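The primary structure of each chain is shown beneath.
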Amino acid sequence: MAKTAFKGTPVTLAGEFVKAGTSAPEFTLVKGDLSNYTLKDGKGKYLILNIFPSMDTGVCATSVRKFNQLAANQPNTVVLAISKDLPFAQGRFCTTEGITNVIPLSDYRYTSDFAEKYGVSKVYDTIDDMFLDADVDIIYITSPHNTHYAFMKQALMYGKHLLVEKSITLNSRELDDMIALAKEKKLVLAEAMTIWHMPIYKKLWDIVQSGELGKVQIITMNFGSFKEYDMSNRFFNMNLAGGAMLDIGVYALSIVRSFLDEQPDEIVSQWKPSPTGSDEQATILLKNAQGQMATVALSMHSKQPKRAMISLEKGYIEIMEYPRADKAVIVDAESGVQTEITAGDTADALYYEMQDMEQAVKSGDASAMQLAYSRDVMEIMTKLRKDWGMKYPGEAW
């Protein structure tokens, strides 16, 4: 088996590296219109095969966006995005994301031998097969929010550690149930929230906790994303737990909670529903017992900068593109002098999550996964949706 390195860590691959001059095996995959695409269809062109489980997972979706960007400047080159997704799901993703330079292909047919020919050693026909695999220690759940609870329960019952895409559950009742089950099974449960793992935040938390900037007074958060009014996609679809709160609000509230000394106990808000009844936009005011305050403005149909400002007694911290930030600016309140702080790399956001999760499982110390903060944030989001009367189909508070 071939060996390589990932971020300096030795890794053994299942198989051998492809050698220059080797003939690519023939294959037949399915296009969005259900017609076949074969190796011969790419004759005379450079073919790049991007093979992954599903477009609806964070890492895989990022790879498709990146290849789409790169392919635009590569003459006579075709990028094939190959997954187990149904062709219709692939098409929906590409339409929503504006993917035009990549050909999505599906390997959903059970009769396909693509995985075997191209050295994909692990292919699960059902999710239960993954739960039953004794070689799997950690499962990363990236399905829509309203499916998390059932998958989490199954995985924990089968003894798997869990990293779950934000928002970790629909509501705080579900999360409390899963925390109790993980504790009973002695397993690590964590939310895949980039804020908890980006090096810049670990550095900023240390600065704030040192007291050199004084006490946090008020935090101002903005996150606006313009999404077209397609009521069938996950951003607005109530059957897929759509809406601003669980999709983007969780980032803003995670920043707020991590810089406040304690959980807010006074929360007021206004919201605007989309045509489906999901939360299209909202403004939120929060205050804790120490008088620390925060404001949050969210929208799924109006572009805003992803901007965080943490105001302290002796200065303020400004963070742009905060979900995966790798730099921040600290401004001295008296002199106005600006100091740029850098740490980590935006491109490695998901790597930091995986690194912390692996260490938590190996060491038994899961404090870096910040599950207590995730629980506080979920409690806030659940309260807000209860205040609005915004309940998802089949949801139990």
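Whatever comes next refers back to the structure up there.
First, a word on what this report is: a plain description of the structure on this page. Since we're looking at a predicted model, the values are computed, not measured.

Procedures and definitions
- Residues numbered from 1 in each chain as written.
- Predicted model: local features only at pLDDT ≥ 70, side-chain atom pairs only at ≥ 80, totals over all residues.
- Heavy atoms only, no water.
- Core = buried A, V, L, I, M, F, W, Y, C linked by side-chain atoms within 4.5 Å.
- Buried < 20%, exposed > 50% of the residue type's maximum accessible area, 1.4 Å probe, protein only.
- Helix = DSSP H or I, 4+ residues; strand = E, 2+ residues; numbered from the N terminus.
- Contact = heavy atoms within 4.5 Å.
- Expected span 1.5 Å × (residues − 1).
- Arc of directions from axis to C-beta.
- Pairing = 2+ DSSP bridges.
- Axes fitted to C-alpha atoms, helices over the stretch in contact; angles between N-to-C directions.
- Salt bridge = Lys/Arg side-chain N within 4 Å of Asp/Glu carboxyl O.

Right, let's get into the nonpolar core. Nonpolar side chains in soluble globular proteins tend to be buried together. Formed by 80 residues in total, the largest nonpolar core has its most connected members in Y201, L204, I317, I319 and Y322. The leading source of residues in this core is helix 9 (residues 244–259), at eleven residues. Excluding residues that lie within four positions of it along the chain, Y201 makes contacts with I195, I255, F259, I319, Y322 and A325. Within the second largest apolar cluster, twelve residues are counted, among which are M55, C60, V64 and C94.

The end-to-end C-alpha distance of helix 8 (residues 199–210) is 17 Å, a good match for the 16 Å that twelve residues give at a rise of 1.5 Å each. For helix 8, every residue scored as buried is listed here: I200, Y201, L204, W205, I207 and V208. Down the axis, helix 8 shows its buried residues gathered within 160 degrees of arc, on one side only. Facing away from the buried side of helix 8, by more than 90 degrees, are the exposed residues D206 and Q209. At the C-terminal side of helix 8, G211 shows a positive phi close to 90 degrees.

The next thing to look at is the sheet that holds strand 8 (residues 138–141). As summarised here, the arrangement of the three strands in space is 8-9-10, forming an open sheet in which the pairing is parallel. At either margin of the open sheet sits one strand with a lone partner, and together these are strand 8 and strand 10 (189–192). Averaged over neighbouring strand pairs, the angle between their axes works out to 20 degrees when direction is ignored. Of the pairings in the sheet, the one linking strand 8 to strand 9 (residues 161–165) comprises four bridges and is parallel in character. Within the sheet, the bridge partner assigned to I138 lies in strand 9 and is H161.

This part takes up the pattern of salt bridges. Summed over all chains, the structure comprises 16 salt bridges. The shortest N-O distance in the salt bridge between D176 and R375 comes to 2.7 Å. Placement of the pair is D176 in helix 6 (residues 172–185) and R375 in helix 11 (residues 371–388), with a sequence separation of 199 residues. Under the relative-accessibility criterion, D176 is labelled partly exposed at 30%. Close ionic contact of D356 with K202 constitutes a salt bridge, the shortest N to O distance being 2.9 Å. With D356 in helix 10 (residues 349–363) and K202 in helix 8, the pair connects residues that are 154 residues apart, well separated along the chain. What makes K202 partly exposed here is its relative accessible area of 32%. Connected through shared salt-bridge partners, K166, R234 and D247 make up one network.

These results come straight from atomic positions and should not be treated as a statement about function.
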